Amino acid sequence: LAYVGRLSEEKNIIDLVKAFKEIHQELPNTKLQLQGYYSGKNYQEKVEKLIKTSKLTDQVEVVNYNAKQTVDQKADLFLNTSNSEGFGMNMLKSMGYGTPVISYGVPYVEGSLIRSGVNGDCVDNRTPKKLAHRVIKVLTNQSLYQKLSAGAIETAKKHDENNFIKSWQDFI
């Protein structure tokens with residue numbers, strides 16, 4: 001499982017760790033990789049304390065951002081607990097690898113980028129427990145996972161460079 005992006009309060013990494021704790025209790029072989037830069041020392045300390053007190057130090061890895069090698073390239077799912085999104089380029093990039101996205105349902109993501117049951121799932125009731133439940137559902141249902149993975153790739157193709165240019169040419 002992976003998240004790539006800013007590790008900041010508005011991205012709600014605390015909820016992501018709480019959700020992962022629920023996931024890991026049900027599926028003990030799971031691991032979570034968080035890749036990005038902390039917004040500040042105080043938030044870093046909060047996240048690290050939660051990982052430690054949740055006894056997840058061997059299951060949660062925080063990795064410095066590297067544009068050439070992101071952890072979502074080999075992840076089963078991309079998880080997003082952000083309180084808001086402009087578009088979610090990190091999620092779209094992940095979909096290009098065939099990685100479905102499970103996200104809190106926020107404007108500009110739900111229904112526009114992520115279509116539940118097609119390329120991932122959005123959690124309207126934004127709680128770690130609800131997110132964990134959706135993740136477990138996908139990870140334990142191989143046919144659902146394959147469908148979402150194929151849908152993720154199709155979504156990424158719709159937003160590739162050629163389609164982007166074409167949409168602007170049509171607009172102009």
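These figures come from a predicted structure and were not determined experimentally.

Draft legend 1. Layout of the overall build of the chain. The number of helices and strands found in the chain is six helices and six strands. Moving toward the C terminus, one meets the helices and strands of the chain in the order β-α-β-α-β-β-α-β-β-α-α-α. Rg of the C-alpha trace for the chain: 16 Å, near the compact-globule value of 16 Å for 172 residues, within the 12% margin. Expressed as lengths along the three principal axes of its C-alpha atoms, the size of the chain is roughly 55 × 35 × 30 Å. Residue burial in the chain is summarised as follows: out of 172 residues, 47% are buried. Taking contacts inside the chain between residues at least 6 apart in sequence as the whole, the part at least 24 apart equals 66%. Accessible area of the chain: about 9,500 Å², with a carbon and sulfur share of 50%. Seen as two clouds, the 23 positive and the 19 negative side-chain charges of the chain have centres 3 Å apart.

Draft legend 2. The pairing of strand E3 (residues 60-63), seen in detail. When strand E2 (residues 32-35) meets E3, the two strands line up parallel, connected through four bridges. Paired with glutamine 35 across the two strands is valine 63, which belongs to E3. The parallel pair E2 and E3 is bridged by helix H2 (residues 41-53), and the resulting crossover is right-handed.

Draft legend 3. Summary view of the pattern of salt bridges. Under the counting rule described, the total for this entry stands at six salt bridges. As a salt-bridge pair, arginine 6 and glutamate 10 come within 2.3 Å of each other at their nearest N and O atoms. Under the relative-accessibility criterion, glutamate 10 is labelled partly exposed at 35%.

Cut-offs applied
Residues numbered from 1 in each chain as written. Predicted model: local features only at pLDDT ≥ 70, side-chain atom pairs only at ≥ 80, totals over all residues. Heavy atoms only, no water. Helix = DSSP H or I, 4+ residues; strand = E, 2+ residues; numbered from the N terminus. Rg over C-alpha atoms; globule rule 2.2 N^0.38 Å. Buried < 20%, exposed > 50% of the residue type's maximum accessible area, 1.4 Å probe, protein only. Contact = heavy atoms within 4.5 Å. Areas by Shrake-Rupley, 256 points an atom, 1.4 Å probe, with all protein chains shown as cover. Lys, Arg positive; Asp, Glu negative; His and termini not counted. Charge placed at Lys NZ, Arg CZ, Asp CG, Glu CD. Pairing = 2+ DSSP bridges. Right-handed = clockwise from strand over helix to strand, strands pointing away. Salt bridge = Lys/Arg side-chain N within 4 Å of Asp/Glu carboxyl O.

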